[in-house]
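Residues per chain are reported as follows:
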Amino acid sequence: MARVAFRRLLSAIPVLLIVSLISFGLMRLIPGDPAAAIAGVSATPAQIEQLRRDLGLDQPIYMQLLDYYQGLARGDLGRSLLLGKGVFAATMERLPVTIGLSLYALVFTLLIGIASGIVAALRQNSWIDQAAMMFAMIGISVPNFFLGLLMIILFAVHLGWLPSGGYVAFSQDPAGWLASTTMPAFSLALLQAGLLARITRSSMLEVLRQDYIRTARAKGLPQRKVVLKHALSNALIPIVTVVGIIVSLLLSGAVVTEALFSLPGMGQLLTQAVLSRDYPMVQGGLLLVTTFLVLVNITVDTLYAVLDPRVRYE
């Protein structure tokens, strides 16, 4: 298993290099001058040109790319043009907010999606099945930003149960953190919960038709044990695959959600960096987020071997 994980890590290196190259090229295609944006409207042309030289933006594109890759080889992601601090340090300040929000949303997704899928599979073609699948379709169809706006109007404006925006760190006040992240997490989770519910239902229906499930029931095993131990454990491979994809979708969806609820996470940081043409911040931030997603995919591949002995044998 360790060798498999090591091979996955080696195969991730070209992916990270390609992502870094694409982000480098796309940022150079954005119109505008970062030096002029940083210097402000009152700066003279001479001051802007001096700032461009100080930032290395007067060099040819290939020299800027070479300097960028030399920095990556040293483990240096550069300094943010807007914040004036290291990209890694600025990212580590914001990344815990995004990861915490995504994990909280993942908890909602797993609880709602897997439970709905199991119940729908056990009550196939009943009104419970139809209701669960209708809920899943609504979750897939409603954009998370629209759901977030509705939740703000209902729970923040009319009922006053939760704050409409802002963020409280978990280390400072766990209850405040829950209050500030519950609406964003649920608006993120509903879309993915609908997808997970459909996948869980399909996988469970396939497993419930197998001979060993009928044998387990013929032996008189309790329904809970048949479902959770024999059926669900054998239906986990496609579910785990979808969960790995859902983690990526939650991180990408956090960009809009953080802007809507004024959360100081990676989405807000990268949005500000793109608007201000902060090349190092966008390139380094995307590279770190991609690295995290690659690690998630490697973890999913490793879980296959844990869940299915045949994968371990191969």
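To keep things clear, this report deals only with the structure shown in the data block. Bear in mind the structure is a predicted one, so any value in this text is a computation, not a measurement. (Residues numbered from 1 in each chain as written. Predicted model: local features only at pLDDT ≥ 70, side-chain atom pairs only at ≥ 80, totals over all residues. Heavy atoms only, no water.)

1. Details of the overall build of the protein
- Along the protein, the regular secondary structure elements total 14 helices and 0 strands.
- Across the protein, helices and strands are ordered from the amino to the carboxyl terminus as α-α-α-α-α-α-α-α-α-α-α-α-α-α.
- Every one of the 314 residues in the protein was classed for burial, and the buried ones make up 39%.
- For the protein, the proportion of contacts with a sequence separation of at least 24, taken over those separated by at least 6, is 73%.
- Counting every atom, the protein has about 17,000 Å² of accessible surface; 67% of that belongs to carbon and sulfur.
- If you average the places of the 23 positive and of the 16 negative side-chain charges in the protein, the two averages end up 14 Å apart. (Helix = DSSP H or I, 4+ residues; strand = E, 2+ residues; numbered from the N terminus. Buried < 20%, exposed > 50% of the residue type's maximum accessible area, 1.4 Å probe, protein only. Contact = heavy atoms within 4.5 Å. Areas by Shrake-Rupley, 256 points an atom, 1.4 Å probe, with all protein chains shown as cover. Lys, Arg positive; Asp, Glu negative; His and termini not counted. Charge placed at Lys NZ, Arg CZ, Asp CG, Glu CD.)

2. Some thoughts on the packing of helix α5 (residues 87–122) against helix α6 (residues 127–141)
- The interhelical angle for the contact between α5 and α6, taken along N-to-C directions, is 150°, at an axis separation of 8 Å. In terms of orientation, α5 and α6 fall into the roughly antiparallel class. Here α5 and α6 pass one another in a crossing that is left-handed. Facing α5, whose interface residues are Ile 112, Ser 116, Val 119 and Ala 120, α6 presents Ile 128, Asp 129, Ala 132, Met 133 and Phe 135.
- Across the contact of α5 with α6, the residue classes break down as 7 nonpolar, 1 polar and 1 charged. (Axes fitted to C-alpha atoms, helices over the stretch in contact; angles between N-to-C directions. Parallel < 35°, antiparallel > 145°, perpendicular 65-115°, else oblique. Left-handed = near helix turned anticlockwise from the far one by under 90°. Nonpolar A, V, L, I, M, F, W, Y, C, P; charged D, E, K, R; others polar.)

3. Brief notes about the packing of aromatic side chains
- Considering all chains together, one arrives at 7 aromatic pairs under this definition.
- Ring geometry for Phe 155 versus Trp 161: centroids 5.9 Å apart, planes at 35°, classification tilted.
- Exposure remark for Phe 155: the relative accessible area of 24% places this residue in the partly exposed category.
- Trp 161 sits in the exposed class, given a relative accessible area of 62%.
- Put simply, the rings of Tyr 104, Phe 108, Phe 170, Trp 177 and Phe 186 pair up and form one aromatic cluster. (Phe/Tyr/Trp six-rings, centres within 6.5 Å; stacked < 30°, edge-to-face > 60°.)

4. Describing the side chain of Arg 94
- Turning to its location among the elements, Arg 94 is positioned in helix α5.
- In this structure, Arg 94 is buried with no salt-bridge partner, the nearest side chain bearing the opposite charge being Glu 93 at 5.3 Å.
- Arg 94 has contacts with Pro 264, Gly 265, Met 266, Gln 268, Leu 269 and Gln 272, leaving out every residue within four places of it along the chain. (Salt bridge = Lys/Arg side-chain N within 4 Å of Asp/Glu carboxyl O.)

5. Some thoughts on the packing of α5 against helix α8 (residues 174–208)
- Between α5 and α8, the least distance of the axes is 4 Å, while the angle of their chain directions is 35°. Both α5 and α8 take part in a crossing whose hand is right-handed.
- Broken down by class, the residue content of the contact of α5 with α8 amounts to 24 nonpolar, 9 polar and 1 charged.

6. Brief notes about α6
- Counted at 1.5 Å a residue, the expected span for α6 with its 15 residues is 21 Å, and the 21 Å between its end C-alpha atoms agrees.
- Taken together, the buried positions of α6 are occupied by Asp 129, Ala 132, Met 133, Ala 136 and Gly 139. Within α6, the buried residues cover an arc of 115° as seen down the axis, which keeps them to one side. Pointing more than 90 degrees away from the buried face of α6 are the exposed residues Trp 127 and Met 134.
- Packing partners of the buried residues in α6 comprise α5 and α8. (Expected span 1.5 Å × (residues − 1). Arc of directions from axis to C-beta.)

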